[in-house]
Amino acid sequence: MNFQLRHNLLLTTFIIVVIVTMWLLMKGLSYSFDQLTVPDSIELRSDEAITQSVLSRKSGYIEKIENFALQEFDINRVLSHFVEADVYLNFKDEPALLVNPRVTIYDKNGETDYILKSKRANYLTTGEVSFKGEVDISSSNGTSHKMNTEELLVDTNTDDLLSNEKVTYLGEGSKIISQGMSMQTKVDKMKLTGDVVINQDSGQKMLTKDLYVDQSNDQKHYYSDDKTTYLSPENKVYAQGMDMKDKTIQLLGQVNILQNSGSTIDTEDLIVDQSNNAEVYITDNGIHYQSSVADIRALGMRYDADKQKIQFTGDVVGRYD
């Protein structure tokens, strides 16, 4: 009887130990998983994979604020900036993270000047906001900019925007790639810096440097004072600068056209008319056309690149071999 009692007690004790051990193990695993994930779920509007990837690694924040909002005033106590975000996460050793940030920049009269939106940004200790990825910039006059970059810094002291990283800018009917950008919001002028490639939806391409995007007259105007190469299926055109608005491109200064056939055309200040899905080169300046069989000089030209037809205008002098 005593033996049976001792046996039952030992069996009961063993079962209790097993249960306690399993409970402690499950508690430890639960704690470990808590350390590996963000403790609170964050609901994002149109959540992007890259933003979710960033958030999944951010488990060590020391402060979290939902519906974050911060007003900033200038020295005259006039509202200059309003910073908003769905979520603000503050870290000990990293810049604070803003999820779905929105920064409103006001003019000196307290009226909305620019609004910048993105999926994520860092709020720096200097008060500056560093946008990441795709950024939408909207002006109060109705014009807008859309770009993608690794970092776009908003200087809250000057309202200037700056990026030293690769920028992909979406223009009207084109995608523009540059090595950086800077923008003076007070004068509505942006500069896409370094080497610039303009890829048009119609298939043409332009290579230049330091391209300006000016919308001070409520209409986007692209121009560069650097050497420009215009590439189309039939021609390569070399110029000293470019000016583009709507469907019209002006290739400035001395212009050299090299046709696929090997013929060349030298002139100045060439207009490329891309309206009606066409590509027509027009100039009223002197023309020097050279091919394997002809040498022609004229006072102007109209060249339909699609049809490969050239009409020389003014006094035309030619020599044929």
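Just so you know, these numbers come straight off a predicted model, no measurement behind them. By convention here, each chain's residues receive numbers from 1 onward along its written sequence. Where totals are concerned, whole chains, interfaces and linings use all residues; where local detail is concerned, this predicted model gives features only for residues with pLDDT of at least 70, and gives and counts side-chain atom pairs only at 80 or more. Neither water nor hydrogens contribute to the side-chain values; these are computed over all heavy atoms in the structure.

Peer 1: Residues and numbers for the overall build of the protein chain, please.
Peer 2: Strands here mean DSSP runs of E at least two residues long; helices mean DSSP runs of H or I at least four residues long; both are numbered from the N terminus. Helix and strand content of the protein chain: two helices and 25 strands. When burial is assessed residue by residue, the protein chain has 40% of its 321 residues classed as buried. In this analysis, two residues are considered to be in contact whenever any of their non-hydrogen atoms come within 4.5 Å of each other. Within the protein chain, counting contacts between residues at least 6 apart in sequence, those at least 24 apart form 33% of the total. With an accessible surface of roughly 18700 Å², the protein chain has 50% of that area assigned to carbon and sulfur atoms. Each residue's exposure class comes from its accessible area (1.4 Å probe, protein chains only) as a fraction of the maximum for that residue type: buried when under 20%, exposed when over 50%, partly exposed otherwise. The method behind every accessible area is Shrake-Rupley, applied with a 1.4 Å probe, and residues are considered shielded solely by the protein chains displayed.

Peer 1: Go over the environment of Thr168, please, and point to the residues and values.
Peer 2: Relative to the assigned elements, Thr168 resides in strand S9 (residues 167–171). Distance in space between the C-alpha atoms of Thr168 and Met147 is 5.4 Å, their sequence separation being 21 residues. Setting aside its immediate chain neighbours within four residues, Thr168 contacts Lys146, Met147, Asn148, Lys175, Ile176 and Ile177.

Peer 1: Run through the packing of aromatic side chains, naming residues and quoting values.
Peer 2: Each Phe, Tyr or Trp ring (for Trp, its six-membered ring) is paired with any other whose centre lies within 6.5 Å, and the angle between the two planes then decides the class: stacked below 30 degrees, edge-to-face above 60, tilted in between. For the structure shown, the criterion picks out six aromatic pairs. Chaining the aromatic ring pairs together yields one cluster made of Phe68, Tyr88 and Tyr123.

Peer 1: Before we move on, can you summarise the nonpolar core with the specific residues and values?
Peer 2: Core analysis: the biggest nonpolar cluster contains 54 residues, and Leu192, Leu251 and Tyr281 have the highest contact counts within it. Sequence-distant contacts of Leu192, that is, excluding residues within four places in its chain, are made with Val167, Tyr169, Ile176, Ser178, Gly180, Met181, Asp210, Leu211 and Val213. Formed by six residues, the second largest nonpolar core is a distinct cluster that contains Tyr61, Leu89, Leu97 and Val99. Think of a nonpolar core as a cluster: buried Ala, Val, Leu, Ile, Met, Phe, Trp, Tyr and Cys residues, connected wherever their side-chain atoms sit within 4.5 Å.

Peer 1: I'd like a description of the pattern of salt bridges, backed by residues and values.
Peer 2: Definition used for salt bridges: Asp or Glu carboxyl oxygen within 4 Å of a side-chain nitrogen of Lys or Arg. Counting across every chain of the model gives seven salt bridges. Between Asp136 and Lys146 there is a salt bridge whose closest N-O contact spans 2.6 Å. Separated by ten residues along the polypeptide, Asp136 in strand S6 (residues 129–139) and Lys146 in strand S7 (residues 144–154) bring together distant segments of the chain. Taking the relative accessible area as the measure of exposure, Asp136 reaches 24% and is therefore partly exposed.

Peer 1: Explain unusual backbone geometry to me, and be specific about the residues and the numbers.
Peer 2: With a phi close to 45 degrees, Asp269 is a non-glycine residue in the positive phi region. In this structure, Asp269 sits in strand S19 (residues 264–273). Judged by relative accessible area, Asp269 falls into the partly exposed class, the value being 39%.

Peer 1: Break down the confidence of the model for the protein chain for me, with residues and values.
Peer 2: Caution applies to low-pLDDT parts of the model: their predicted coordinates are not meant to be read in detail. pLDDT expresses, on a scale from 0 to 100, how confident the predictor is about each individual residue. Residue-level pLDDT values for the protein chain average 83, and 81% of them are 70 or greater. Within the protein chain, the lowest mean pLDDT, 44, falls on helix H1 (residues 2–36), and the highest, 98, falls on strand S15 (residues 228–231). Contacts from residues 13–21, a stretch scored under 50 in pLDDT, to residues over four places away or in other chains number zero contacts. Predicted confidence for residues 23–47 stays below pLDDT 50, and this span has 25 contacts to residues more than four positions away or in other chains.

Peer 1: Can you explain the side chain of His81? Please cite residues and give values.
Peer 2: With respect to the helices, strands and loops of the structure, His81 is situated in strand S2 (residues 79–91). With a relative accessible area of 1%, His81 lands in the buried category. Whenever a nitrogen or oxygen atom comes within 3.5 Å of another N or O atom, the pair is scored as a polar contact, on the condition that within protein one atom can donate a hydrogen and the other can accept it, and that pairs from neighbouring residues in sequence are kept only if both atoms are in side chains. Reaching out from His81, the side chain makes a polar contact with the side chain of Asp159 at a distance of 2.5 Å. Residues within four places of His81 in sequence aside, it is in contact with Leu70, Gln71, Glu72, Thr104, Ile105, Tyr106, Thr156 and Asp159.

Peer 1: Any chance you could break down the environment of Glu165 for me, citing the residues and the numbers?
Peer 2: Its place among the elements puts Glu165 in the loop between strand S8 (161–163) and S9. Along the primary structure Glu165 and Glu150 are separated by 15 residues, whereas in three dimensions their C-alpha atoms are 6.0 Å apart. Once residues within four sequence positions are removed from consideration, Glu165 is found in contact with Thr149, Glu150, Glu151, Gln179 and Gly180.

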